[in-house]
Amino acid sequence: MQAALELARQALWLTSPNPRVGCVITAPDGTLLGQGQTQRAGGPHAEVMALRDATERGQSVRGATAWVTLEPCAHLGRTGPCCDALASAGIGRVVAALTDPNPQVAGQGLARLAAAGVQTTLLDPNAHEAIQAHELNIGFFSRMERGLPWVRMKMATSLDGQTALQNGQSQWITGPEARADGHAWRARACAILTGIGTVLEDDPQLNVRGLAAPRQPHLVVVDSRLEMPLKAKLLDTQGTGEQARQIWIYTAADPTESEQANKRAALNTLGAQVIDMPGPGGKVDLAAMLRDLARREINELHVEAGHKLNGSFIRDGLVDEYLIYMAPLLLGSGQGMANLPTLSVLSDAVKLAFHTADRIGPDLRLLLRHA
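Computed from a prediction, not measured in an experiment: that's the story for all the values here. (Residues numbered from 1 in each chain as written. Predicted model: local features only at pLDDT ≥ 70, side-chain atom pairs only at ≥ 80, totals over all residues. Heavy atoms only, no water.)

Novice: I tried to follow the overall build of the protein chain on my own but got confused; where do I start?
Specialist: A tally of regular secondary structure across the protein chain gives 11 helices and 16 strands. Counting only C-alpha atoms and orienting by the principal axes, one finds that the protein chain spans roughly 65 × 50 × 40 Å. Buried residues in the protein chain amount to 50% of all 371 residues. Long-range pairs, those at least 24 residues apart, make up 74% of the contacts in the protein chain with a sequence separation of at least 6. By element, 51% of the accessible surface of the protein chain is carried by carbon and sulfur atoms, the whole surface being about 16900 Å². Charge centroids of the protein chain, computed over 34 positive and 37 negative side chains, lie 2 Å from each other. (Helix = DSSP H or I, 4+ residues; strand = E, 2+ residues; numbered from the N terminus. Buried < 20%, exposed > 50% of the residue type's maximum accessible area, 1.4 Å probe, protein only. Contact = heavy atoms within 4.5 Å. Areas by Shrake-Rupley, 256 points an atom, 1.4 Å probe, with all protein chains shown as cover. Lys, Arg positive; Asp, Glu negative; His and termini not counted. Charge placed at Lys NZ, Arg CZ, Asp CG, Glu CD.)

Next comes the structure, spelled out in structure tokens:
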């Protein structure tokens, strides 16, 4: 199963919106017969890749064991049911780390295998391998079980919690190793989100650079008044073909105003889609936006925004995970991580727990979740 998990990790940047899955097929004596991981959406899943690998090796899989990091699918989606492929190949036993949270599967894959005479084993959900499999697909589980993407907020800060100087200068607080690591976290996300403030101040591309990423995450911009400049750099990052990057601009602006209609038409011509999501106070309804992104098959949403939008996400309880790169610097007065209200009692603080803490070059990478 550890070998299957390693295969799934190799698909970390590839499979979205499908889960990252690895499969290893072994003979009764433990000999490796075939292995594979899930390919791009629409391509073969891990089980089919492992069966193909066994065939290319000239190995028979009849009576063999398939170790798979997620329950084989049981529905006809972009590809055929993997449970039927395993049964048809003569697999004798299937060991799965987790059941598939997709309601179209949810135990049916293992049930169909058992009905076909295949022995099935499901790991305890508290087993180390099951936990690893869940972590690899935390966004997929979130979308299937909650109807929401897993929201990861990334920030680069000084030791005293400043993300920029008072004059806005922030390049670069952290070192090149941390910046490269940040691009790797971008690459695993289905979409990157920012606010119009960041676009107007920094004119970023917000894509994956410096890595041989097989796909670019989609882009989400929260732009309540639809102020997106038509020459913004991020509008030139769509790419082409099946893996083209979608650009979704969520707004609360009145679509009936003539100036707004012209702006929407121009953005549409440039390949961006404007989505109306009005909320209270003339702002975008962030919770409704997240539900809409889940319907668009966004599993992991990577937020890189300014302190105002960060504060809105945190105040509304919409952040699942904080990815913080902390540099060994003291900047004094500057721009903080999030615009949060002043507290009068400590018990009102947002309570977090350290999930991991790692050195990345001279900096510290912290991954935190709600306590």
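Novice: I'm lost on the nonpolar core in this one. Help?
Specialist: General note: in soluble globular proteins, nonpolar side chains tend to be found buried as a group. One finds Ile25, Ile91 and Val94 to be the most contacted residues of the largest nonpolar core, which totals 39 residues. With residues near it in sequence (within four places) discarded, Val94 still touches Ala66, Val68, Pro72, Leu86, Leu113, Val118, Gln119, Thr120 and Thr121. Formed by 32 residues, the second largest nonpolar core is a distinct cluster that contains Met155, Ala191, Leu293 and Ala305. (Core = buried A, V, L, I, M, F, W, Y, C linked by side-chain atoms within 4.5 Å.)

Novice: Any chance you could explain helix α7 (residues 176–188) here in plain terms?
Specialist: Because an α-helix completes one turn every 3.6 residues, residues spaced three or four positions apart along the sequence face the same direction. Between its first and last C-alpha atoms α7 spans 19 Å; for 13 residues at 1.5 Å apiece the expected length is 18 Å, and the two agree. Among the residues of α7, Ala178, Asp181, Gly182, His183, Trp185, Arg186, Ala187 and Arg188 are the ones counted as buried. (Expected span 1.5 Å × (residues − 1).)

Novice: Honestly, empty space enclosed by the protein in this entry has me stumped. Any pointers?
Specialist: In this approach the atoms are scanned with a rolling probe the size of a water molecule, which exposes any empty space left behind. In the structure shown here, the tally under the stated rule is 1 cavity of 30 Å³ or more. The calculated volume of the largest cavity comes to roughly 40 Å³. Asn18, Pro19, Arg20, Leu136, Asn137, Gly139, Phe140, Asn299 and Glu300 are the residues that line the largest cavity. Classifying every residue of the lining of the largest cavity by side-chain character gives 3 nonpolar, 4 polar and 2 charged. (1 Å grid on protein atoms, 1.4 Å probe; cavity = no way out; pocket = protein on both sides within 12 Å on 5 of 7 lines; lining within 4 Å. Points joined across faces, edges and corners; volume = space filled by probe spheres on them. Nonpolar A, V, L, I, M, F, W, Y, C, P; charged D, E, K, R; others polar.)

Novice: Could you clarify how one ought to interpret the sheet that holds strand β15 (residues 352–360) in this entry?
Specialist: Sheets are built from strands paired through backbone hydrogen bonds, the pairs being either parallel or antiparallel. The mixed open sheet is built from 9 strands, whose spatial order is β11-β10-β9-β8-β12-β6-β13-β16-β15. A single partner strand is all that each edge strand has here, and the edge strands are β11 (272–276) and β15. Within this sheet the neighbouring strands show an average axis-to-axis angle of 20°, counted without direction. The pairing of strand β6 (residues 150–157) with strand β13 (residues 321–326) spans 6 bridges and is classified as parallel. Looking at the pairing, Met155 lines up with Ile324 of β13. (Pairing = 2+ DSSP bridges. Axes fitted to C-alpha atoms, helices over the stretch in contact; angles between N-to-C directions.)

Novice: Hey, could you run me through the pairing of strand β12 (residues 300–303) in this one?
Specialist: Regular strands place side chains that alternate from one sheet face to the opposite one. Side-chain alternation along β12 places Glu300 and His302 on one buried face and Leu301 and Val303 on a second face that is also buried. In the sheet, β6 pairs with β12 via 4 bridges, with the strands oriented parallel. If you follow Val151 over to β12, its bridge partner there is Leu301. Pairing between strand β8 (residues 191–195) and β12: 3 bridges, direction parallel. Directly across from Leu193, in β12, lies its bridge partner Val303.

Novice: Could you clarify how one ought to interpret the pattern of salt bridges in this entry?
Specialist: Side chains bearing opposite charge may pair, as long as their charged atoms lie close to each other. Following the criterion strictly, the structure yields 17 salt bridges and no others. For Arg188, the salt bridge goes to Glu300, with nearest N and O atoms at 2.8 Å. On the criterion of sequence distance, the pair formed by Arg188 in helix α7 and Glu300 in strand β12 is long-range, its members being 112 residues apart. One salt bridge in this structure joins Arg264 and Asp276, with 2.7 Å as the shortest N-O distance. Remark: Asp276 occurs in strand β11 and Arg264 occurs in helix α9 (residues 258–269); sequence separation between them is 12 residues. Within the structure, one salt-bridge network assembled from shared partners comprises Arg20, Glu135, Arg152, Arg188, Glu300, Glu321 and Arg369. (Salt bridge = Lys/Arg side-chain N within 4 Å of Asp/Glu carboxyl O.)

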